[in-house]
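# A closer look at the structure
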Amino acid sequence: MELRDIEIFLVLAEELHFGRTAERLLISQARVSQAIRKQERRIGAALFERTSRTVRLTGVGRQLRDDLQPVYAGLHQSLERARLAARGVTGRLRVGMMPFNVVDLHPYWRVFRSRHPQWELEIRQEAYVDLFGRLREGEMDVLVTWLPVEEPDLTVGPVLCTDPRILAVSADHELARRTSVRLEMFADFQHAMAPDMPDYWEDSYLPFHTSEGRVIERGRPVTNAEELINRVGMGEIVHSFPSHVTRHWGMPNIRWIPVTDMAALSYALVWRTEAENEPIGALAAVVRELGATRF
């Protein structure tokens, strides 16, 4: 079975839709159908049950998917290691970011890259979905996120930055003309948070109750920054942020208001303890040496 055909099969097994599979792989639907028919002829059994409305894996298809996924992932990793080795790179460090201030943290990235050219440093913004779970599953090597992180299998490294808190509201919101706000005011308006956060961690970002015991209401969860800020701009929610976002989101329909009684957020490196390696240790050493950035 050719590598491209394996890829087509695995993506279709995930999407269960010929059109989305073709779009994701930048090929035609006819090419997807051709690859699946060829695999089914070779195996001698149907891999998918198709109707005019649905696509489902057969039992044989599920078994093939489960067998091929780790093989395909391992092959990709081998090819990627070979590609990096050809450039003189012996490894890659993937850093997932929860804060938006990638640019503010460039001094750490520059020093790491200059000292360790043998390791590729990849910085990427993360979606707000099961971050600790994805760190545990190896989708990233290091996560930059707010404290506290109280997970027994995760190591909390040095702090990169500490940031005061602000409230984002739409330009026509009733709070938009205020020069500051207090947490007690938050209970009058709906907020949004990411799904399935540990309670202690979510509470450290946005408390569940005010000091007087009023509930701070959460609405429909959000999973990405674009959705979050758009809902603020539409006046559907208000949302508290670290203040660095004002340097990265210049939006005329948003007002940023200092929050006087919320503690600043500190963001630190976090990694899976058993996965700690030389590149992770080197990045932590750079952050400790340069010290935390304050705004």
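As shown above, the structure is provided for reference.
Report on the accompanying structure. (Residues numbered from 1 in each chain as written. Predicted model: local features only at pLDDT ≥ 70, side-chain atom pairs only at ≥ 80, totals over all residues. Heavy atoms only, no water.)

## Structural notes on the pairing of strand E3 (residues 91–97)
- Summarising burial for E3: 5 of the 7 residues are buried, a large majority.
- In this structure, E3 lies alongside strand E4 (residues 119–125), joined through 7 bridges in parallel fashion. Following the sheet pairing, Met97 is matched in E4 by Gln125.
- Each parallel crossover has a hand, and for E3 linked through helix H5 (residues 106–115) to E4 it is right-handed. (Buried < 20%, exposed > 50% of the residue type's maximum accessible area, 1.4 Å probe, protein only. Helix = DSSP H or I, 4+ residues; strand = E, 2+ residues; numbered from the N terminus. Pairing = 2+ DSSP bridges. Right-handed = clockwise from strand over helix to strand, strands pointing away.)

## Considering empty space enclosed by the protein
- Tallying each qualifying case throughout the model produces 1 cavity of 30 Å³ or more.
- Size it by volume and the largest cavity reaches roughly 160 Å³.
- Looking at the largest cavity, it is lined by 15 residues, and the ones nearest its centre are Met98, Tyr128, Trp146, Tyr205 and His239.
- It is strand E8 (residues 239–242) that contributes the most residues to the lining of the largest cavity, 3 residues altogether.
- Here the residues of the lining of the largest cavity are counted per class, giving 14 nonpolar, 1 polar and no charged. (1 Å grid on protein atoms, 1.4 Å probe; cavity = no way out; pocket = protein on both sides within 12 Å on 5 of 7 lines; lining within 4 Å. Points joined across faces, edges and corners; volume = space filled by probe spheres on them. Nonpolar A, V, L, I, M, F, W, Y, C, P; charged D, E, K, R; others polar.)

## Thoughts on unusual backbone geometry
- Residue Leu147 is joined to Pro148 through a cis peptide bond whose omega torsion reads 10 degrees.
- Counting through the fold element by element, Pro148 comes out in the loop between strand E5 (142–146) and strand E6 (154–163).
- You will see that Leu26, though not glycine, has its phi angle at about 60 degrees, which is positive.
- By the secondary structure assignment, Leu26 is in the loop between helix H2 (18–25) and helix H3 (29–43).
- Despite not being glycine, Asp130 shows a phi value in the positive range, around 45 degrees.
- Along the chain, Asp130 turns up in the loop between E4 and helix H6 (131–136).

## Focus on H3
- In a regular helix each residue adds 1.5 Å, so 15 residues correspond to 21 Å; H3 covers 21 Å between its end C-alpha atoms and thus fits that length.
- Along H3, the residues that are buried comprise Val32, Ala35, Ile36, Gln39 and Glu40. Considered in projection along H3, the buried side chains sweep an arc of 130 degrees and stay on one side of the axis. Seen from the open side of H3, the exposed residues pointing more than 90 degrees away from its buried face are Ala30, Arg41 and Arg42.
- In the core, the buried residues of H3 are packed alongside helix H1 (3–15), H2 and strand E1 (48–50). (Expected span 1.5 Å × (residues − 1). Arc of directions from axis to C-beta. Contact = heavy atoms within 4.5 Å.)

## Brief notes about the environment of His244
- Secondary-structure assignment places His244 in the loop between E8 and strand E9 (254–258).
- Owing to a relative accessible area of 0%, His244 belongs among the buried residues under this scheme.
- In the structure, His244 is positioned 216 residues away from Ser28 in sequence and 43 Å away in space, judged by C-alpha atoms.
- Ignoring anything within four residues of it in the chain, the contact list for His244 reads Pro99, Phe100, Asn101, Asp104 and Asp163.

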